[in-house]
Amino acid sequence: MKPADRRGPNVALLATVALALGHLGWVALHPRGADADWLVQTFSLGVLYASALTCWYAARSTSETAPPWRWMTLALGLYAVSDTLYALLEWRGGSVPSSAVLDALYLGFYVLFIRACLALPRQPLRRAEAWRLTLDVGIVVGSLGVLLWYGALASLLGAAQASLIGILINLAYPVLGLCALGLLLTVIRRHDRTELKESLLALGLTTFVIGDTLYLSIDAKGGFTSGIPEELLWTCGALLFAVAAWNSNRAAPLGPSLTAVVHVTAQVTQPLYALAPYLGLAACFALTLTTHGQVTLAAHGALWGTAGVTLLVAARQIAALRDNAALTAQLAALNASLEHRVVARTAEVERGRAQLEARARELAWQAQHDSLTGLPNRAGFLSALGEAVEEQEQKGQEAAALAVLFLDLDGFKGVNDTLGHTVGDQLLIKVAARLRGALLPDEFTARLGGDEFMVLTSQPPQARAQQVLDLFAPPFDLGGRPVRISASVGVSVYPDSGRDAESLYMHADVAMYEAKRSGKGAARVFVAQTTQALRPRTELEDRLRGALERGEFRLYYQPIHDVAWQVVALEALLRWDSPELGLLSPGQFLPVIHESGLDGELGDWVLNEACAQLARWHAVGHGGLRMAVNIFPAQFGSATFAQTVKTALARHGLTGAALELEVTGTLLSGCEAHPADMMCALHASGIRWSLSGFGVQTSALSPLLKLPLGVLKLDRRVIGALDGPLDGQEQARRAVGAIAALAGALGLSVVAEGIETRAQWAAVTDLGCAYSQGFWLGHPQNVAKTADRLGRAPGHLPDSKPVVPS
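Residues numbered from 1 in each chain as written. Predicted model: local features only at pLDDT ≥ 70, side-chain atom pairs only at ≥ 80, totals over all residues. Heavy atoms only, no water.

## Structural notes on the packing of aromatic side chains
For the record, the criterion: Only the six-membered ring of Trp is used, alongside the rings of Phe and Tyr, when aromatic pairs are assigned; centres must lie within 6.5 Å, and planes under 30 degrees apart are stacked while those over 60 apart are edge-to-face, with the rest tilted. Note on conventions: DSSP H or I runs of at least 4 residues are helices, E runs of at least 2 residues are strands, and numbering of each starts at the N terminus. Only protein chains enter the accessibility calculation, which uses a 1.4 Å probe; a residue whose area is less than 20% of its type maximum is buried, one above 50% is exposed, and one in between is partly exposed. For a lysine, the NZ atom is tested; for an arginine, the CZ atom; a charge sits over a ring if that atom is within 6 Å of the ring centre and within 35 degrees of the ring normal.
All chains considered together, the criterion is met by 20 aromatic pairs. Arranged with centres 5.1 Å apart and planes meeting at 70°, the rings of tyrosine 79 and tyrosine 106 form a pair that is edge-to-face. Taken as a pair, tyrosine 79 in helix H3 (residues 66-93) and tyrosine 106 in helix H4 (residues 100-119) lie far apart in primary sequence, 27 residues in all. Overall, tyrosine 106 belongs to the buried group, its relative accessible area being 9%. Taking the centre distance of 5.7 Å and the plane angle of 45° together, the rings of phenylalanine 113 and phenylalanine 241 count as tilted. With phenylalanine 113 in helix H4 and phenylalanine 241 in helix H8 (residues 232-248), this residue pair connects regions lying 128 residues apart in the sequence. Taken together through their ring pairs, the aromatic side chains of Tyr79, Tyr106, Phe109, Tyr110, Phe113, Phe208 and Phe241 make up a single cluster. Between arginine 434 and the ring centre of phenylalanine 476, over which it is positioned, the NZ or CZ distance is 3.7 Å. Stacked on the ring of tyrosine 556, the Lys or Arg arginine 575 has its end atom at 5.5 Å from the ring centre.

## Things to note about the side chain of aspartate 599
The criterion, for reference: Two residues qualify as a contact provided that any one of their heavy atoms is within 4.5 Å of a heavy atom in the partner residue.
Along the chain, aspartate 599 falls in helix H19 (residues 599-619). When its relative accessible area of 5% is taken as the criterion, aspartate 599 is described as buried. In this structure, aspartate 599 is in contact with Ile593, His594, Phe632, Pro633 and Ala634, ignoring residues within four places of it in sequence.

## Concerning the environment of glutamate 552
Keep this limit in mind: Here a polar contact is taken to be a pair of N or O atoms separated by no more than 3.5 Å, where protein atoms must pair a possible hydrogen donor with a possible acceptor and residues adjacent in sequence count only if both atoms sit in side chains.
Relative to the elements of secondary structure, glutamate 552 occurs in the loop between helix H17 (537-545) and strand S8 (553-562). Looking at glutamate 552, the relative accessible area reads 7%, which means it is buried. Sequence-wise, glutamate 552 and proline 579 are 27 residues apart; in three dimensions their C-alpha atoms are separated by 8.1 Å. In this structure, glutamate 552 is in contact with Ala547, Arg575, Trp576, Asp577, Ser578 and Pro579, ignoring residues within four places of it in sequence. One polar contact links glutamate 552 to tryptophan 576, side chain to side chain, over a distance of 2.8 Å.

## As for the pattern of salt bridges
Which entries qualify depends on this criterion: Should a side-chain nitrogen of Lys or Arg be within 4 Å of a carboxyl oxygen of Asp or Glu, the pair is scored as a salt bridge.
Evaluation of the coordinates by the stated rule reveals 18 salt bridges. A salt bridge links glutamate 660 to arginine 626; the shortest N-O distance between them is 3.9 Å. On the criterion of sequence distance, the pair formed by glutamate 660 in strand S12 (residues 659-664) and arginine 626 in strand S11 (residues 626-630) is long-range, its members being 34 residues apart. Here glutamate 660 matches arginine 626 in class, with each residue buried. If you follow the salt bridges from partner to partner, you end up with Glu571, Glu662, Lys713 and Glu753 in one network.

## A word on the sheet that holds strand S6 (residues 486-494)
Note the cut-off: One bridge is not enough; two strands pair if DSSP finds at least two bridges between them. In this description, a line fitted to the C-alpha atoms serves as the axis of each element, helices being fitted only across the stretch in contact, and the angle between N-to-C directions of two axes falls anywhere from 0 to 180 degrees.
Spatially, 5 strands are ordered S2-S3-S1-S6-S7 in an open sheet, and the strand pairing comes out mixed. Of all strands in the sheet, those with a lone pairing partner are strand S2 (444-449) and strand S7 (523-525), marking the two edges. The sheet shows a mean angle of 20° between the axes of neighbouring strands, direction not considered. Pairing analysis gives 9 bridges linking strand S1 (residues 402-410) to S6, with the strands arranged antiparallel. The residue of S6 that forms the bridge with phenylalanine 406 is glycine 490.

## With respect to the nonpolar core
Where we set the bar: Put simply, a nonpolar core is a bunch of buried Ala, Val, Leu, Ile, Met, Phe, Trp, Tyr and Cys residues held in one set by side-chain atoms that sit within 4.5 Å of each other.
One finds Phe553, Leu661 and Trp689 to be the most contacted residues of the largest nonpolar core, which totals 94 residues. Tallying contributions element by element places H19 first for this core, with 8 residues. Not counting residues within four places of it along the chain, the set of residues in contact with phenylalanine 553 comprises Leu544, Ala547, Leu548, Leu574, Arg575, Trp576, Phe589, Ile593, Leu602 and Trp605. Ala52, Ala59, Tyr86 and Tyr215 belong to the second-largest nonpolar core, a separate cluster that totals 38 residues.

## Some details on helix H15 (residues 501-517)
Threshold: A helix is expected to span 1.5 Å multiplied by its residue count minus one.
Here H15 is 17 residues long and its end C-alpha atoms lie 25 Å apart, about the 24 Å a rise of 1.5 Å per residue gives. For H15, the tally of buried residues reaches 15 of 17 residues, placing the bulk of the element in the interior. The opening residue of H15, the one whose side-chain oxygen lies 3.1 Å from the backbone nitrogen of glutamate 502, is aspartate 500. At the exit of H15 stands glycine 519, carrying a positive phi of roughly 130°.

Here it is, written out as structure tokens:
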């Protein structure tokens, strides 16, 4: 109800309260007299009419509560009219003659009140609950009837001058009143919680019943006249009705004090309603004890009434026991059903667990195997290679030779293009079958993806490589069509070609490219850096001086992934494709370049070539790709380096956000003249600076605080310890977690370098590294292979679709 609509109910309630107080004050302060009776009657009648008006306003509030309050308005209005007629008759004649019409009007109040109770909303109950409630109400009403009988009704029946009709009319008042009260209590007890308005209605009706009963008792003795204090009972009842009506359409919350009163009232009335049957029985027994030995109509009626109430209590207990037994049976049935469901659910969970375990085993197998050929995949091979290297380190000189054979089919693309991919898949299956059938004890073979295979062997590497090549001499029968194909094999040997799985893998790849370059269908063994170091220094320097002009340098690109497996950046890595020495990695020639002062021009070439290639990739749809370029010492110390970078970006139409410049901690500590200003100038252009080798090569905080670094690249040795020896795994996890937390606090991104296994990737991702890089994710590859990778659908797991160089 709107505030403006609350004015009417508020005024009506205030009028009721004021008139009730006036009635109470006049009765308390003024003696009875003829001159004062009319004023007392005015107060009493005013309370009735004002209360009826309040109920009328309540009926207008909402459609849900309107019906009961309409009937209450009629009931109070009828009672007020009856009292008005009574007062007029008394005023004209000095006394009121017995009138059946007037009694009918008074009794109509109870009839209309019963109709209002029937219109109140009530909660549906189970049959057993309804019987118990009916018996409870019968006990309460019966107890009140016993008390009223003894207090007043028995004397009315015993009056000799009363006629039969008069007696029946007199009995109709308490009987209808008790019926109305019992019905109202039934409605109240049907609710989960007691409503204040219903409790007020019950109290008001009780005062009316008591008032009418006292009136009958006093009138039977001929002593009733208007203005006596007993009339305050009707005034009090009408006031309670008005408060109940006002409370029913209250929209605004009550104040703290009234809320506390309502709360306390609910706490008191709720247990009272529950205890009312037993309190009524106790009151009847008390009355019976006090009247023991009396031979009167009142005493006999109280005795028989108490017996009837006792029977009702017994019936109520029997009903409760039967209901409890039924509920116990239902509970037992529910418990049995629940146990059955638990057993069924447990069996279902066990089946689900078994299915999950089977699925987990299947996924574990799939994670380590190629779905087409059934051979182990790259992850499985790297795991086996890592175990073999660890075994070699433990056995030392007593260990057998260990070699890695990297196979790439020659001309496989032509088979796919001319005969179709289905035939190409059949060829890969046939190749895998030959390799598997030719395996010697303790050997391991795998398919890396595409047309690349690996063999791990302890046999003499060159002889075993030739045996593998001989497997391709016979043609492959593909559905009745003979197909001849050869393979190029690169060989790396432990420890000459490397002392760890990553080096052996990479160097076998390098040797395979040398085998392809030498004419295909051949095998080449990787020439280790130690062998190259035996060459005269001057010879290596002489070849390097003209290598850039002769176009012998190449850029390979290694992907950097985010946690969603998207390729977000590429790191440009330098390779020297020497006609005499083959394809060399940076570790084999960069020291000579740095010491000879040749790195300035070469570094500028790397920067320009990387920008040019990135621009081409941007043009074909990879616009969000970034390029990471390693900076040479001569570049970093040059006064014109910032301008060189900006010129390269402008030449190829790139923004600074597309470029990331990578430096080492050693480089930062070795250049003190102008690095901060130069780095800040390039940073202002959107270029990001990354610091590599953090955690082992570099761990000082000073560069992080003073220089505009944006990326930390964790050293591969820290990453390798994550699934290394058990005693170092926890320390490695703590180190990675601490560095990731430090980087996050400083607003830096973290790239985990050297990811070789899925376990390492899972660990760094869980510890907060946003980006990852390593052989397990993707080897450095030439432009063609990198473009092929960028064209694939994003999100491929290396386990299911490994990416390796060819």
